[in-house]
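Coordinate inspection notes
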Amino acid sequence: MATKDELLKELYPEDLLNVSKELTEGEVKFLKQLNDLLESKYRDSINDHWINATIPEGFFEEMGKLDYFNNPLLFEGREGARMASQMFQFFLSYTVARFDVSLVTLLGVHQGLGHNAFLFGGSKEQVAHYIPKLQSHELRTCFALTEPEHGSDVAGGLETTAKREGDKWIINGAKKWIGGANVSDVIPLFAVDVETGKPKGFIIRPEQEGVDIDIIENKIALRIVPNANIHLKDVVVEEADRLQNINSFKDIAKILYSTRAGVAYMATGAMAGALRATLDYVTKRKQFGKEISKYQLIQEKLAMMQGNLSQAITLSAQLARMQEKGEYDEVATSTAKMMNSLRLRESVAMGRGITGGNGILAEYDIARFFSDAEAVYTYEGTHEINALVIGRALTGDSAFI
């Protein structure tokens with residue numbers, strides 16, 4: 001049986017600074033199972049799914065079987081642990097993102113935003129009821145915050161309203177860009193209480209009367225992810241289906257802080273995927289009588305891609321260490337998300353350039369990473385919004401308005 005170090009060398013050869021050695025043996029074994037599943041079951045079809053904008057059949061179910069929240073392998077050597085380590089969370093996202101950015105986005109929406117909306121926002125009873133079902137993938141979820149006219153300014157610009165009538169709430173409004181809404185069983189959705197002017201969270205189900213969901217078409221990025229519009233007209237929600245601990249935007253922000261790190265992790269894994277795709281190409285493609293991997297200009301660009309990746313790995317790992325200690329810092333997560341997605345954009349452009357004309361064809365994986373990087377650059381806080389979060393901390397002055 002392979003040792004931990006042998007498995008790590010096989011799994012993460014691009015981890016030049018050996019950050020992955022901080023993983024436990026059980027975590028490494030799990031990540032090997034995950035990587036083997038992705039490669040054996042989805043490698044041959046992933047580009048076709050991207051072209052056709054379809055989710056690989058069985059992906060959610062297979063992830064549920066892996067039990068990545070509670071698998072016993074994740075707790076080996078971690079006495080008293082109740083949750084998988086944050087370093088494992090980093091490499092989980094990294095491993096899936098290295099394979100495909102759409103799949104890690106779907107997973108992140110469910111595991112991060114949606115799951116944490118229930119975990120942080122739910123009452124004890126709601127947590128007890130929903131969290132086990134979400135962790136096993138018995139139930140699927142998403143996260144309905146962004147609106148047609150409110151993305152970056154959503155903290156003060158929610159237009160979806162909730163009006164209380166006795167033990168019921170009447171919801172009206174619209175949401176946009178909600179990834180996986182059409183395949184979700186329960187949707188945590190945020191609306192302004194018309195009486196108090198404060199946002200609240202509600203549990204919506206797609207089949208409810210007054211809920212209409214349609215898919216956004218013609219995307220150039222994350223084509224596998226079914227981003228949706230949600231239209232709500234006089235949707236009735238019982239008080240029992242209000243997320244009891246969501247009563248201000250600070251409550252929502254707690255969820256966002258916990259998951260923004262996940263996008264930094266995704267960007268890092270996507271860099272690794274782009275590097276692998278580029279390396280695979282240059283070792284096979286010949287020009288002027290030899291493989292283009294043997295040319296100096298090509299090697300310089302590959303070295304820059306590796307350098308960007310190594311920087312992102314170390315930044316992500318330190319963020320994971322902080323969060324393991326309970327330090328969910330807005331400025332730290334914004335820094336990691338901003339810088340890693342910026343370096344991702346740079347790296348995929350170099351990879352696309354190296355692969356020449358073939359690099360715009362979906363059959364060569366770099367095209368998929370090149371396109372999907374544009375979505376990572378924007379979601380979970382644009383480059384500019386994250387910069388303003390950091391700038392506010394540096395200067396003490398808010399430049400948002």
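Structure's up top.
A short tour of the structure in this document, coming up.

Its location among the elements puts Gln135 in helix α7 (residues 124–135). Residue Gln135 is classed as buried on the basis of its relative accessible area, which comes to 15%. Looking at Gln135, its side chain comes within polar contact range of the side chain of Asn70, at 2.9 Å.

Now for the pattern of salt bridges. One pass over the structure, following the stated rule, counts 23 salt bridges. Of the charged contacts, one joins Arg164 and Glu239 as a salt bridge, the two residues approaching to 3.8 Å between their closest N and O atoms. Placement of Arg164 in strand β1 (residues 161–165) and of Glu239 in the loop between β6 (227–238) and β7 (242–243) is noted, with a sequence separation of 75 residues between them. Of the residues examined, Arg164 reaches a relative accessible area of 40% and is grouped as partly exposed. Asp280 serves as the salt-bridge partner of Lys284, at 3.0 Å between the closest nitrogen and oxygen. Assessed through its relative accessible area of 42%, Asp280 is described here as partly exposed. A single network of salt bridges, built from pairs that share partners, joins Glu39, Arg43, Asp100, Asp365 and Arg368.

A volume near 200 Å³ is recorded for the second largest pocket. In terms of lining, the second largest pocket is formed by 15 residues, of which the most central are Ala53, Ile215, Ile216, Glu217 and Arg223.

The next subject is the packing of aromatic side chains. Counting across every chain of the model gives 14 aromatic pairs. Summarising the aromatic geometry, the rings of Tyr281 and Tyr364 are spaced 5.5 Å apart at their centres and angled 80° between planes, so their arrangement reads as edge-to-face. Within this pair, whereas Tyr281 is found in helix α9 (residues 249–282), its partner Tyr364 is found in the loop between α11 (330–354) and α12 (366–378), the two being separated by 83 residues in sequence. Here the aromatic cluster, defined as three or more aromatic residues joined through ring pairs, consists of Tyr12, Phe90, Phe91, Tyr94 and Tyr265. Taking NZ or CZ as reference, Lys290 lies 4.6 Å from the ring centre of Tyr295, over its face.

Once that is clear, we can look at the side chain of Thr160. Tracing the sequence through the fold places Thr160 in the loop between α8 (154–157) and β1. Looking at Thr160, the relative accessible area reads 0%, which means it is buried. A distance of 2.7 Å separates a polar atom in the side chain of Thr160 from a polar atom in the side chain of Glu147. A polar contact is formed between the side chain of Thr160 and the backbone oxygen of Ala174, at a distance of 3.3 Å.

It is at 9 Å that the axes of α11 and helix α13 (residues 383–395) come closest, and there the two elements cross at 140°. In terms of orientation, α11 lies oblique with respect to α13. Helix-helix and strand crossings are classified by hand; for α11 and α13 the assignment is left-handed. Between α11, through Glu330, Val331, Ser334, Thr335, Lys337, Met338 and Leu342, and α13, the contact on the second element is made entirely by His383, Asn386, Ala387, Val389, Ile390, Arg392 and Ala393. Among the residues forming the contact of α11 with α13, the class breakdown is seven nonpolar, four polar and three charged.

This part covers the packing of α9 against helix α10 (residues 296–324). Between α9 and α10, whose axes approach to 9 Å, the crossing angle comes to 155°. What the angle tells us is that α9 and α10 run roughly antiparallel. The two elements α9 and α10 cross, and the hand of that crossing is left-handed. Here the residues of the contact of α9 with α10 are counted per class, giving 18 nonpolar, seven polar and no charged.

Rules of the game
Residues numbered from 1 in each chain as written. Predicted model: local features only at pLDDT ≥ 70, side-chain atom pairs only at ≥ 80, totals over all residues. Heavy atoms only, no water. Helix = DSSP H or I, 4+ residues; strand = E, 2+ residues; numbered from the N terminus. Buried < 20%, exposed > 50% of the residue type's maximum accessible area, 1.4 Å probe, protein only. Polar contact = N/O pair within 3.5 Å; in protein donor to acceptor, adjacent residues only side chain to side chain. Salt bridge = Lys/Arg side-chain N within 4 Å of Asp/Glu carboxyl O. 1 Å grid on protein atoms, 1.4 Å probe; cavity = no way out; pocket = protein on both sides within 12 Å on 5 of 7 lines; lining within 4 Å. Points joined across faces, edges and corners; volume = space filled by probe spheres on them. Phe/Tyr/Trp six-rings, centres within 6.5 Å; stacked < 30°, edge-to-face > 60°. Lys NZ or Arg CZ within 6 Å of the ring centre and 35° of its normal. Axes fitted to C-alpha atoms, helices over the stretch in contact; angles between N-to-C directions. Parallel < 35°, antiparallel > 145°, perpendicular 65-115°, else oblique. Left-handed = near helix turned anticlockwise from the far one by under 90°. Contact = heavy atoms within 4.5 Å. Nonpolar A, V, L, I, M, F, W, Y, C, P; charged D, E, K, R; others polar.

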